2 protein chains.
Amino acid sequence: MQYGTRGFGTYPEVTKGECQENRMKENSEVFSMSESCPIRNVLDRFGDKWSILVLLVLSDEEKMRFNELHKAIGDISQKMLTVTLRTLEADGLVSREVFPEIPPRVEYRLTLLGKSLMPHIHGLVKWAKDNQEVIVSKRKQYA
Amino acid sequence: MQYGTRGFGTYPEVTKGECQENRMKENSEVFSMSESCPIRNVLDRFGDKWSILVLLVLSDEEKMRFNELHKAIGDISQKMLTVTLRTLEADGLVSREVFPEIPPRVEYRLTLLGKSLMPHIHGLVKWAKDNQEVIVSKRKQYA
DNA sequence: CGGAATCCGCGCTGATACTG
DNA sequence: CAGTATCAGCGCGGATTCCG
């Protein structure tokens, strides 16, 4: 089992590197910007195991209940679904509405901010779909 | 330190869920497709800590040597840079050319496949740049 | 210069049990 | 139904050392 398969693990104080200016040249798009770069601060949020999947599933329906999401994704644990949703909510990408009923009902939906992100996610997914076979085969060839 | 900050950790046999059909509705874009979905198989590769950053840096120059990449990224360890580059190479996104000289010289560059991915990455980065302040502030508000 | 190899700690993840 | 709480384990990532 070589590395690179996935994932993180430890992650102590590494990001203190404040994105290191990244000295992007004329291509510009200077990342640094004061204390923290968007790549580390924002994109890392989708580097977790489930965020993108949750966003994709949510983008298919106007609103979804907790268990709808759970079934739609399938192999996510309750805990991680909760954690992922909370994070997305904290970032303002997903809204959470609790209905004071019994049994409880909670509806999740994308916020406007969340919706504004989706085109880019879908672009990435389309690329992934278009190229996954090539990539998988290359991956096998690779000694 | 609450969860959601980042990262993975253990990751044993989870992906066996073969993307669970994901029953995408009329919005279509059926993911499943036989044995594995592109999201899990391809996008997960960029969920690691460095891949996107390496691709971005590489997209700025036609070719880069190992230590150029190392300096450009700044706070990546040699090991992780090597691992990341090897993975990207295995996936066919980056090419690696070794020059039989002393001292050794190795040049990395994006392949055509890698270049075809960049527009989507840049789209994501632009979104992140445009919205990072909002997100960071929302994150702070969130109790 | 550009790695390879090794060791090891930290914290995310999943499982399980419990609750209003 | 929609969570919360607790816990243990494992694998990622960093640091270090060595090499051609």
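Every value quoted in this text rests on a predicted model; they were computed, and no experiment measured them.

1. Quick look at the sheet that holds strand β3 (residues 105–110) of chain A
Residue and element names in this part refer to chain A. Across the sheet, which stays open at both edges, the three strands sit in the order β1-β3-β2 with antiparallel pairing between neighbours. A strand with exactly one partner marks an edge of an open sheet, and here the two such strands are β1 (64–65) and β2 (94–99). As defined by bridge partners, β1 adjoins β3 across two bridges and the pair is classed as antiparallel. Each bridged residue has a counterpart across the sheet, and for methionine 64 the counterpart in β3 is tyrosine 108. Sitting on the sheet, helix α2 (residues 51–58) touches β1, β2 and β3, and the angle it makes with β3 is about 95°. Packing against the sheet, helix α4 (residues 78–90) makes contact with β2 and β3, and its axis sits at approximately 115° to β2.

2. Considering the sheet that holds strand β3 (residues 105–110) of chain B
Residues and elements named next belong to chain B. Read from one edge of the open sheet, three strands run β1-β3-β2, paired in antiparallel fashion. Pairing within the sheet leaves two strands with one partner each, and these edge strands are β1 (64–65) and β2 (94–99). Across the sheet, helix α4 (residues 78–90) is in contact with β2 and β3; its angle to β2 comes to roughly 115°.

3. Considering the UniProt feature "domain: HTH hxlR-type" (unreviewed entry) in chain A
The residues that UniProt annotates with the feature "domain: HTH hxlR-type" (unreviewed entry) are residues 37–136 of chain A. Note that residues 37–136 of chain A is 58% helix and 14% strand, and that its end C-alpha atoms are spaced 32 Å apart.

4. Observations concerning the pattern of salt bridges
Using the criterion set out here, one finds 16 salt bridges over all chains in the structure. One salt bridge in this structure joins glutamate 107 of chain A and arginine 105 of chain A, with 2.9 Å as the shortest N-O distance. Using a relative accessible area of 8% as the deciding quantity, one classes glutamate 107 of chain A as buried. When the shortest N-O distance is used, the salt bridge between arginine 109 of chain B and glutamate 107 of chain B registers 3.3 Å. In this structure arginine 109 of chain B comes out as partly exposed when scored by relative accessible area, which is 24%. It is possible to trace a salt-bridge network through shared partners that takes in Glu62, Glu101, Arg105, Glu107, Arg109 and Lys115 of chain A.

5. Re the packing of aromatic side chains
Applying the stated rule across the entire model yields one aromatic pair over all chains. Centroid distance phenylalanine 46 of chain A to tryptophan 127 of chain B: 6.5 Å. Interplanar angle 55°. Geometry classified as tilted. Pair noted here: phenylalanine 46 of chain A is in the loop between α1 (38–41) and α2 and tryptophan 127 of chain B is in helix α5 (residues 112–141), and the two residues belong to different chains. Here phenylalanine 46 of chain A and tryptophan 127 of chain B have matching classes, each one buried. One residue, arginine 105 of chain A, lies across the ring of phenylalanine 99 of chain A, its end atom 3.9 Å from the ring centre.

Parameters at a glance
Residues numbered from 1 in each chain as written. Chains lettered and ligands numbered in written order. Predicted model: local features only at pLDDT ≥ 70, side-chain atom pairs only at ≥ 80, totals over all residues. Heavy atoms only, no water. Pairing = 2+ DSSP bridges. Helix = DSSP H or I, 4+ residues; strand = E, 2+ residues; numbered from the N terminus. Contact = heavy atoms within 4.5 Å. Axes fitted to C-alpha atoms, helices over the stretch in contact; angles between N-to-C directions. UniProt positions renumbered as here; feature names shortened; annotations may be inferred. Salt bridge = Lys/Arg side-chain N within 4 Å of Asp/Glu carboxyl O. Buried < 20%, exposed > 50% of the residue type's maximum accessible area, 1.4 Å probe, protein only. Phe/Tyr/Trp six-rings, centres within 6.5 Å; stacked < 30°, edge-to-face > 60°. Lys NZ or Arg CZ within 6 Å of the ring centre and 35° of its normal.

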